[in-house]
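Understanding the architecture of this molecule
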4 protein chains.
Amino acid sequence: MAKAAIVGGSGFTGGELARILCRHPKISLSTITSRQHPGVKVSKVHPYLQGFVDIRFDEKLNGRMDYDIVFVATPYGASMDVIPDILKNGIKVVDLSGDYRLKDPNIYRKWYGIDHKDPKNLLTSTYGIPELFKNDIVESQLVANPGCYPTCAVLALAPLVAEGLIESRVIVDAKSGTSGAGMEPTKLTHHPNCGANVIPYKVGSHRHTPEIQMALDMMSGGASEVVFTPHLVPIVRGILCTSYVHLAKSASHDDLYSVYEKYYADKRFVRVDAVPSIPSVVGSNYCEIGYEFAGNGNVVVMSTVDNLVKGGAGQAVQNANLMLGLEESTGLDFPGLGV
Amino acid sequence: MAKAAIVGGSGFTGGELARILCRHPKISLSTITSRQHPGVKVSKVHPYLQGFVDIRFDEKLNGRMDYDIVFVATPYGASMDVIPDILKNGIKVVDLSGDYRLKDPNIYRKWYGIDHKDPKNLLTSTYGIPELFKNDIVESQLVANPGCYPTCAVLALAPLVAEGLIESRVIVDAKSGTSGAGMEPTKLTHHPNCGANVIPYKVGSHRHTPEIQMALDMMSGGASEVVFTPHLVPIVRGILCTSYVHLAKSASHDDLYSVYEKYYADKRFVRVDAVPSIPSVVGSNYCEIGYEFAGNGNVVVMSTVDNLVKGGAGQAVQNANLMLGLEESTGLDFPGLGV
Amino acid sequence: MAKAAIVGGSGFTGGELARILCRHPKISLSTITSRQHPGVKVSKVHPYLQGFVDIRFDEKLNGRMDYDIVFVATPYGASMDVIPDILKNGIKVVDLSGDYRLKDPNIYRKWYGIDHKDPKNLLTSTYGIPELFKNDIVESQLVANPGCYPTCAVLALAPLVAEGLIESRVIVDAKSGTSGAGMEPTKLTHHPNCGANVIPYKVGSHRHTPEIQMALDMMSGGASEVVFTPHLVPIVRGILCTSYVHLAKSASHDDLYSVYEKYYADKRFVRVDAVPSIPSVVGSNYCEIGYEFAGNGNVVVMSTVDNLVKGGAGQAVQNANLMLGLEESTGLDFPGLGV
Amino acid sequence: MAKAAIVGGSGFTGGELARILCRHPKISLSTITSRQHPGVKVSKVHPYLQGFVDIRFDEKLNGRMDYDIVFVATPYGASMDVIPDILKNGIKVVDLSGDYRLKDPNIYRKWYGIDHKDPKNLLTSTYGIPELFKNDIVESQLVANPGCYPTCAVLALAPLVAEGLIESRVIVDAKSGTSGAGMEPTKLTHHPNCGANVIPYKVGSHRHTPEIQMALDMMSGGASEVVFTPHLVPIVRGILCTSYVHLAKSASHDDLYSVYEKYYADKRFVRVDAVPSIPSVVGSNYCEIGYEFAGNGNVVVMSTVDNLVKGGAGQAVQNANLMLGLEESTGLDFPGLGV
């Protein structure tokens, strides 16, 4: 059994990591830290874990630093404070904050509003979408777990980008459940405001924009520009991305199907033969992808993930599996709720 | 035109009062106060009022105190600070906080946790359910506008209580939209917590319990005990009360119908010939009531109101109409959205 | 008082028309027809109208044909069966089906799958967005009331199109409440399927696509191509359109604001100084519009309407007002619920 | 590996059974029947099972009848047609319809409106709440899987009933997600009707009433009368029961806690140390129970289950485990989603 810790385990992502790891056959969760709740039972903060996770929050990692893998689920800005030291101990790290996603510190500063404090490790970190960058992940000590929106959008667009099928601009119109907003009550997530509403937010300024751009550029050399608009919809879990591309060359529906099927041939967690559905992926590590033509070379690509699983904790465990030499789907091999 | 003011107009209730009053043919809204937003346009805080309410928030009422009616929509505790002075100026007041509802200061202290500072006016105030206490309201200078739950529950039960049909305990199981929780984000109303949930809260300890008890006692002399449980459901507007009574004497479905029909014979805003529905009353001042037998003298009474209208600002205007000598339904004569 | 009838009044649109007309100071609703419910009280089918609409459904219009205006709210295909005869009697008609929207019978056949049976009246009908085509509407005997999505999208884009600011493609990503699907239960609107979901539907094939295209072409001569994707979201009322355009020439945020403000200078029902919100317009005839830049000449325009009011019955009454020589906002002069 | 079949596998319950069984370490799902979809891939009807359940629907069970256990998930009325034959083959059966729950054929006729066709097996069947009737279940060939509401209500009340703590009437006010209504679209579950609504239905006449009554009588000899009202709330999964009892003898909060804790001491799937929450149990086989006093011997007991798991397919598997001699929680040992 690999020995794991979660740093910053009191939020939704931390709880979801614990929920997945408590059933993982090859990874044992030995420590969960929380600066807010040291000494408190984890199942007090995450009551659904009662009977599954019976340890208490520690204030920090144990001094022996004898973990095989550490998941860091602190807010951005805080991750880069704790990660260098963990790495120094030779421990593998999956970071779920945004701190190690954007490879260019200048772009990081521009979108996150603070200086990057750990450019050295940023340089060697790997952007962790296993379906796209598996070989790099396997060899990495530090993986930056992608954002929920980028996971959903990039998986939908990667095959087209890789084939050079996308011309100029890509529009990503995303609809997200409210759990993506985290555990802290805000005006945006106050039910009277959002419960019978669809709310576009951070239009033109969301941090996942440069992340999607970077991921697509990694495959295409920067051929297309990403326009990304997130919306809050009154559901709790799940993301639908509706992406709009114009084909660079003529292709039929079947042509595109071949592109997708080939690209994701042996990828367990991507379904391309799908009418993408949120309930179908909720509670699972799956991403569903479908597409339709809308006249004249316009293609509408739809994709869904559970923002807390494939868009968060599930993908983090998938990355950890690869980093630890385990089969990629270990502990993640369950279907979505469906209904 | 009667001249009106709203004290504490930046919350949901204040906005709803302004929304109703801006269309009222006999009451003119001249002042809205807000300690938080003095000088700010009302339509900045309540954007849906743009083009309807074009005044700015004042910090306090004007010095001339030349209003015919003042609606006080501050939190409990604050109302009793400002109301005595308004009354001294001979102005009529509808208080939408809880400060003047419970006639007994000891009960007020027990449930609200603070001492009542204005027992003199408390004594002469009227509990304002117009369908039940119209004659008193007409003659009052100070009306305590009922809580949303009590309005819905008491209207459903009053005819049975008045007829002496209820034996011992009454169970009121209420389901409310989240707008009843007000404008401030809290953990309870955080969408990830409440958006796919039904949350019982303040079980056995909600302040509306003694209020329902008091209102029923006013009609029956205290013959029955009220058990009240509120629940938050993932809708924004509307309350359904499901009330359970055991009949003190035998009665048929038709007998009860006669009781209800007679009791509410000329009451514009109560529909007894109804399958109570929330959408049917949303946006309106109506209360819908229906009932079914559930074996052996058990009757299940169902009732619905829009918590912000009949359960709040609409009933306040209905009370004001009566206090000002206007026809009760003036400015309130519109149907619910239905869908 | 103008005398009005509704043909096909048992659906959501018919109920909404009755809800608005029952409070209209200059139009009197004298007949509502329903082939399904002849002889039944209207308030039996639309219980929220009890006390407001106390007539019964007729099977057909009265033989005297003495109406000033008839609203036709039958499904597409059925409207063109009944409208020619009404017109022959010199009566003005607002058609809420899709039958008279697409001016080209070939395009109608392509998207609706049936032949147009009344091309003569189709030719002289007017597409009824009052903010854009007021002069034509005033003079028309037959107005085709626009679809809910086109109303929301076209109002958002018209000023940019009219100024020649839009280059090539326009993406309209729309999110709609379920009331747009009408009164008949379907798999799509079955709550277990749609209640915790966002469902793209009729992607690339929705009938409102050519309607939006036609409306924009009327202003621009066909300079841009419309890609339209509707989604069902788990709310009941309201539409948000997120539209993506690339500017044909450089313009600042302020430049665009001037364009919008000038275009809608004296239009009562359009708010351009808005963060568009669904609750803000629900229950009202308003359209709210806002926009943001998203890098490099990309503009994201957001717009909201209540699909049953400005996107349906409200706009129909607005059109009727103009056709009858009344002030455009008569009977529509109320704000949205806001919360 | 025990060999299992599902009869009637195209509905929500059938899908949920397959979702659980496909991960079960000791039961192998070899046949799923559907009269509607013979020959169709199961994952075509339940797309979330793609990659987990790769068989096709059969029209009927295989002729060899070599199953160890058969789950019957047909509608009531149809179950008693197929079950006698399966039993004759010596196969164990868990019936998820209502056909074998009410032990008295007269009560069955009264509430289900049809005659019972298999009174012989009805007589020997066991009502399957494992926490209450484990010993009987272990020895049964036919287990009637309880309804979703009875599971939630009976688990909440059983300890009090067993202790003789309940006086006379019990009120069960239940709020259910819409998945309980099954896969067929109806007016009740049409989103525009139920999406912003709380709908009491079958008040005084729901079939789960006599089932709850029977289960409580099995423990108490019929000391109390059950009044049961179900409501539809706009969530998809989950039930909250709010039950109202009056104590037959004085007891403190701690006294009741002892009663609950003792009663469920070694029951894996009941949490009594809980603030019952729907998200906490969704996706899991858990039942959470909590209670509060509401003055004068009134106790409000709250309980939650996932209607499709502990209230359906999960409990069916729990029963099957016991019937097959497996550890009760085999294949069910996962926490709820929590968020």
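As the structure is a computational prediction, the values presented were derived from the model and not from experiment.

Considerations on the interface of chain D and chain B
Contacts between chain D and chain B engage 37 residues on the former and 37 residues on the latter. Note on chain D versus chain B: buried area summed over both sides is about 2,900 Å², and carbon and sulfur give 63% of it. Taken together, chain D and chain B are joined by two salt bridges. Measuring nitrogen to oxygen at the nearest pair gives 3.0 Å for the salt bridge that ties Asp173(B) to Lys175(D). Linking chain D with chain B are 15 residue pairs in polar contact (both at pLDDT 80 or more), by the criterion used here. Elements with a contribution of two residues or more to the side of chain D that touches chain B: β8 (166-176), α8 (191-194), β10 (225-232), β11 (239-247), α11 (278-281), β13 (287-293) and β14 (298-305) of chain D. Taken together, the residues of the side of chain D that touches chain B break down into 21 nonpolar, eleven polar and five charged.

Some points on the packing of aromatic side chains
Counted according to the given criterion, the structure contains 32 aromatic pairs over all chains. An angle of 65° between the planes, with centres 5.8 Å apart, marks the rings of Phe52(B) and Tyr286(C) as edge-to-face. Of this pair, Phe52(B) sits in the loop between α2 (42-45) and β3 (69-72) while Tyr286(C) sits in the loop between α11 (278-281) and β13 (287-293), which puts the two residues in different chains. For Phe52(B), a relative accessible area of 15% corresponds to the buried category. Residue Tyr286(C) is classed as buried on the basis of its relative accessible area of 2%. Arranged with centres 6.4 Å apart and planes meeting at 65°, the rings of Tyr127(D) and Phe133(D) form a pair that is edge-to-face. Using a relative accessible area of 3% as the deciding quantity, one classes Tyr127(D) as buried. Three or more aromatic residues joined by ring pairs form one cluster here, namely Phe52(A), Phe269(D) and Tyr286(D). Lying across the ring of Tyr67(B), Lys3(B) places its NZ or CZ 6.0 Å from the centre. Just above the ring of Tyr286(B) sits the side chain of Arg271(B); from NZ or CZ to the centre is 4.0 Å.

Definitions and cut-offs
- Residues numbered from 1 in each chain as written.
- Chains lettered and ligands numbered in written order.
- Predicted model: local features only at pLDDT ≥ 70, side-chain atom pairs only at ≥ 80, totals over all residues.
- Heavy atoms only, no water.
- Contact = heavy atoms within 4.5 Å.
- Buried area = accessible area lost by both parts, 1.4 Å probe.
- Salt bridge = Lys/Arg side-chain N within 4 Å of Asp/Glu carboxyl O.
- Polar contact = N/O pair within 3.5 Å; in protein donor to acceptor, adjacent residues only side chain to side chain.
- Helix = DSSP H or I, 4+ residues; strand = E, 2+ residues; numbered from the N terminus.
- Nonpolar A, V, L, I, M, F, W, Y, C, P; charged D, E, K, R; others polar.
- Phe/Tyr/Trp six-rings, centres within 6.5 Å; stacked < 30°, edge-to-face > 60°.
- Buried < 20%, exposed > 50% of the residue type's maximum accessible area, 1.4 Å probe, protein only.
- Lys NZ or Arg CZ within 6 Å of the ring centre and 35° of its normal.

That is the geometry; function is a separate question.
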